[in-house]
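Structural overview for review
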Amino acid sequence: MAATLPLRKLAEQALEKAYQDKGQFIATLSHELRTPLNGIVGLTRRLLGSALDNEQFSWANTIFTSAETLGNIFNDIIDLDKIDRCELDIIYQSVHLQRFLQDIANFAELICQQKGLEFVMQQQSPFDCYLLLDATRLRQVLWNLRSNAVKFTSKGQITLVCELTHKISWCLKWLIPVLVLLSMKPGSDL
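This paragraph deals with the environment of Asn-38. Mapped onto the fold, Asn-38 is located in helix α1 (residues 4-48). A relative accessible area of 48% means that Asn-38 is categorised as partly exposed. Separated by 29 residues in sequence, Asn-38 and Ala-67 have C-alpha atoms that sit 8.2 Å apart.

Glancing now at the nonpolar core. Membership of the largest hydrophobic core comes to 33 residues, with the highest contact counts inside it found for Leu-97, Phe-100, Phe-119 and Ile-158. Those elements that place two or more of their residues in this core are α1, α2 (54-84), α3 (97-114), β3 (130-133), α4 (135-151) and β4 (157-162). Of all the elements, α3 adds the most residues to this core, at nine residues. Phe-119 has contacts with Ala-105, Ala-108, Glu-109, Cys-112, Ile-158 and Leu-160, leaving out every residue within four places of it along the chain.

So, on to α3. In this model, α3 (18 residues) spans 26 Å end to end at C-alpha, consistent with the 26 Å of a helix rising 1.5 Å per residue. The set of residues buried in α3 consists of Leu-97, Phe-100, Leu-101, Ile-104, Ala-105, Phe-107, Ala-108, Ile-111 and Cys-112. Following α3 by one or two positions, Gly-116 has its phi on the positive side, about 75 degrees.

Running from N to C, α3 and α4 point in directions that differ by 25 degrees, and their axes come no closer than 11 Å. As judged from the angle between their axes, α3 and α4 are roughly parallel. The chirality of how α3 crosses α4 is right-handed. Counted together, Phe-100, Ile-104, Phe-107, Ala-108, Ile-111 and Cys-112 of α3 and Ala-135, Leu-138, Arg-139, Leu-142, Trp-143, Arg-146 and Val-150 of α4 form the full contact between these two elements.

As a further point, take the environment of Glu-68. In this structure, Glu-68 sits in helix α2. A relative accessible area of 23% means that Glu-68 is categorised as partly exposed. The sequence separation of Glu-68 and Ile-40 amounts to 28 residues, and the corresponding C-alpha distance is 9.4 Å. Residues within four places of Glu-68 in sequence aside, it is in contact with Val-41, Arg-45, Phe-107 and Trp-143.

Counting all residues, the mean pLDDT for the protein is 75, and 83% of those residues have values of 70 or more. Within the protein, the element-level pLDDT minimum falls on helix α5 (residues 176-179), averaging 35, and the maximum on strand β2 (residues 118-123), averaging 86. Under a pLDDT of 50 for its full length, residues 167-190 has, in the predicted model, 56 contacts with residues more than four places off or in other chains.

The rules behind these values
All chains use their own residue numbering, which begins from 1 and follows the written sequence. At least 70 in pLDDT is required for a residue's local features to be given in this predicted model, at least 80 for side-chain atom pairs to be given and counted, and no such filter applies to totals for whole chains, interfaces and linings, which use all residues. Note that the side-chain values use all heavy atoms of the structure and ignore hydrogens as well as water. Helix and strand assignments follow DSSP, with helices taken as H or I runs no shorter than four residues and strands as E runs no shorter than two, numbered in order from the N terminus. Residue burial is assigned from relative accessible area. The probe radius is 1.4 Å, only protein chains are included, and a residue is buried under 20% of its type maximum, exposed over 50%, and partly exposed in between. Definition of nonpolar core: a set of buried residues of the types Ala, Val, Leu, Ile, Met, Phe, Trp, Tyr and Cys, connected through side-chain atoms within 4.5 Å. The criterion used for residue contact is that any of the two residues' heavy atoms lie within 4.5 Å. Expected helix span is computed as 1.5 Å times (number of residues minus one). Each axis is a line fitted through C-alpha atoms, and for a helix only the stretch in contact is used; angles between axes span 0 to 180 degrees, taken between their N-to-C directions. For classification, angles of less than 35 degrees are called roughly parallel, those exceeding 145 degrees roughly antiparallel, those between 65 and 115 degrees roughly perpendicular, and all remaining angles oblique. What makes a crossing left-handed is the near helix being turned counterclockwise from the far one by less than a right angle; a clockwise turn instead makes it right-handed. A residue's pLDDT is simply how confident the predictor is in it, with values from 0 to 100.

The following block contains the structure:
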């Protein structure tokens, strides 16, 4: 039994070292990969704003979409590590809801077009207001829902239904099935 104690201590130390190494790896991965990725995103945005024919625009848009997707994958990996360490911070900021949803819709439209799908955003109420929310986390949830909807739909339409329910208290109904309904037209795979 006396020999078990030093072995247990060594195992705990090895586990702690592995945990620290994982955190360092993720931090390095984030920094080293995100820097060139930001360059690709920035230059592609400028390219998309220039005079391109339809085919060139489509290619540039694919580059932009791919880079944004990769950036979101990095965010998911980093968030998983933060959750594992109980360090995930929710950062509330004032967000203009209409602009936020329009950004989501613009990007969703591009992704859907690449697969020959139609994207529709239905707003059940006016969204010309500001809300305190964690835009990054909400964007990730919507990104994942939209990605899954596109992945599992071969034809038809993907619809994002948005509803602001407690306008007086400026609360957004956070139940994802109520806030966001992703549905397909008849004839789709789902």
